[in-house]
Amino acid sequence: MTTASALNLLDLLDQRRSVPARQLGEPGPDAAQLEHLLQAAIRVPDHGKLVPWRLLAIRGGARARLGERLAAIHAQTEPAVAPSALEKDRERFNAAPLVVAVIARIEADHPKIPAQEQLLSAGCVAYNLLLGAQALGFGAQWLTGWAAYDGEVARELGLGANERIIAFVHIGTAKEPAPERARPALADVWSEWT
């Protein structure tokens, strides 16, 4: 890697921001951009080459259908839920043209690879999606919300018993500049063991 390439990569990391999903819109990645993004996203640490993750695209009309299912599930599990919460569920996936569900596939009893390492590998895939989307000129946000942890939603999305959603990564074109937020001071999080 050249020094210029290393600086460009550091610049990308220095500029990384999440764009709120509600501020994302069309266009999303085209077919070639999406393939490039996904190929880059799965280049993550993977102890034992287990591939402890998979990706599920939610786009087009599937976004609204999933929102309707979320509202129905929420209303069934919490009959007194406020109508505004159900509307939020219906609209949850409708802003960004592409939502990628990152699904961890954990072999809990693997004799050599701890479950935590498998989960962290899946987390790296989600983070790479954020970085890759930004590198392609798109905005992205990693969200979870109650739907990521709900068993009925997992069944709706076809997850297996050893699978769980770790991220819904919303990807699209930012309608306005991404906001910056306060970051920790390096001195507050860095120390040296002696």
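Refer to the structure above for everything that follows.
Residues numbered from 1 in each chain as written. Predicted model: local features only at pLDDT ≥ 70, side-chain atom pairs only at ≥ 80, totals over all residues. Heavy atoms only, no water.

Q: Can you explain the packing of helix H3 (residues 61-77) against helix H4 (residues 83-91)? Please cite residues and give values.
A: It is at 6 Å that the axes of H3 and H4 come closest, and there the two elements cross at 150 degrees. The orientation of H3 relative to H4 falls into the category roughly antiparallel. Crossing of H3 over H4 shows right-handed handedness. Along the contact surface, H3 presents Gly67, Glu68, Leu70, Ala71, His74 and Ala75, while H4 presents Ala85, Leu86, Asp89 and Arg90. (Axes fitted to C-alpha atoms, helices over the stretch in contact; angles between N-to-C directions. Helix = DSSP H or I, 4+ residues; strand = E, 2+ residues; numbered from the N terminus. Parallel < 35°, antiparallel > 145°, perpendicular 65-115°, else oblique. Left-handed = near helix turned anticlockwise from the far one by under 90°. Contact = heavy atoms within 4.5 Å.)

Q: Can you tell me about the side chain of Gln141, naming the residues and giving the values?
A: Within the secondary structure, Gln141 sits in strand E4 (residues 139-143). A polar side-chain atom of Gln141 sits 2.6 Å from the main-chain amide nitrogen of Ala21. Dropping the residues within four chain positions of it, Gln141 is found in contact with Ser18, Val19, Pro20, Ala21, Leu130, Phe168, Val169 and His170. (Polar contact = N/O pair within 3.5 Å; in protein donor to acceptor, adjacent residues only side chain to side chain.)

Q: Account for the packing of aromatic side chains, naming residues and giving values.
A: Counted under the stated rule, the structure contains one aromatic pair. Geometrically, the ring pair formed by Phe93 and Phe168 is edge-to-face, given 5.0 Å between the ring centres and 65 degrees between the ring planes. On the criterion of sequence distance, the pair formed by Phe93 in the loop between H4 and strand E3 (98-105) and Phe168 in strand E5 (residues 163-174) is long-range, its members being 75 residues apart. The buried category is assigned to Phe93, whose relative accessible area is 1%. (Phe/Tyr/Trp six-rings, centres within 6.5 Å; stacked < 30°, edge-to-face > 60°. Buried < 20%, exposed > 50% of the residue type's maximum accessible area, 1.4 Å probe, protein only.)

Q: Quick one: what's the story with the packing of helix H2 (residues 31-41) against helix H5 (residues 115-135), residue by residue and with numbers?
A: Look at H2 against H5: their axes get within 8 Å of each other, and the N-to-C directions meet at 140 degrees. Relative to H5, the element H2 lies oblique. Relative to H5, H2 is oriented so that their crossing is right-handed. Each of Leu37, Leu38, Ala40 and Ala41 in H2 lies in contact with H5, whose residues at this interface are Val125, Asn128, Leu129, Gly132 and Ala133. Classifying every residue of the contact of H2 with H5 by side-chain character gives seven nonpolar, two polar and no charged. (Nonpolar A, V, L, I, M, F, W, Y, C, P; charged D, E, K, R; others polar.)

Q: Requested: an account of the pattern of salt bridges, with residues and values cited.
A: Evaluation of the coordinates by the stated rule reveals eight salt bridges. One salt bridge in this structure joins Arg69 and Glu156, with 2.9 Å as the shortest N-O distance. Here Glu156 lies in helix H6 (residues 151-156) and Arg69 lies in helix H3, a separation of 87 residues in the sequence. Residue Arg90 is joined to Glu87 by a salt bridge in which the shortest nitrogen-to-oxygen separation is 3.5 Å. Pair noted here: Arg90 and Glu87 are both in helix H4, with a separation of three residues, about one helical turn. One network of salt bridges, in which partners are shared, links Arg17, Glu180 and Arg183. (Salt bridge = Lys/Arg side-chain N within 4 Å of Asp/Glu carboxyl O.)

Q: I'd like to hear about the nonpolar core, residue by residue, with values.
A: One broad trend across soluble globular proteins is that nonpolar side chains are buried collectively. Counting 22 residues, the largest nonpolar core has Val102, Leu129, Val169 and Ile171 as its most contacted members. Contributions of two or more residues to this core are made by H2, E3, H5 and E5. Here this core takes six residues from H5, the largest share from any one element. Beyond its immediate sequence surroundings of up to four residues, Leu129 is in contact with Leu37, Leu38, Ala41, Leu55, Val100, Val102 and Val169. Grouped together as the second largest cluster of nonpolar side chains are 16 residues, Ile58, Ala148, Leu159 and Phe168 included. (Core = buried A, V, L, I, M, F, W, Y, C linked by side-chain atoms within 4.5 Å.)

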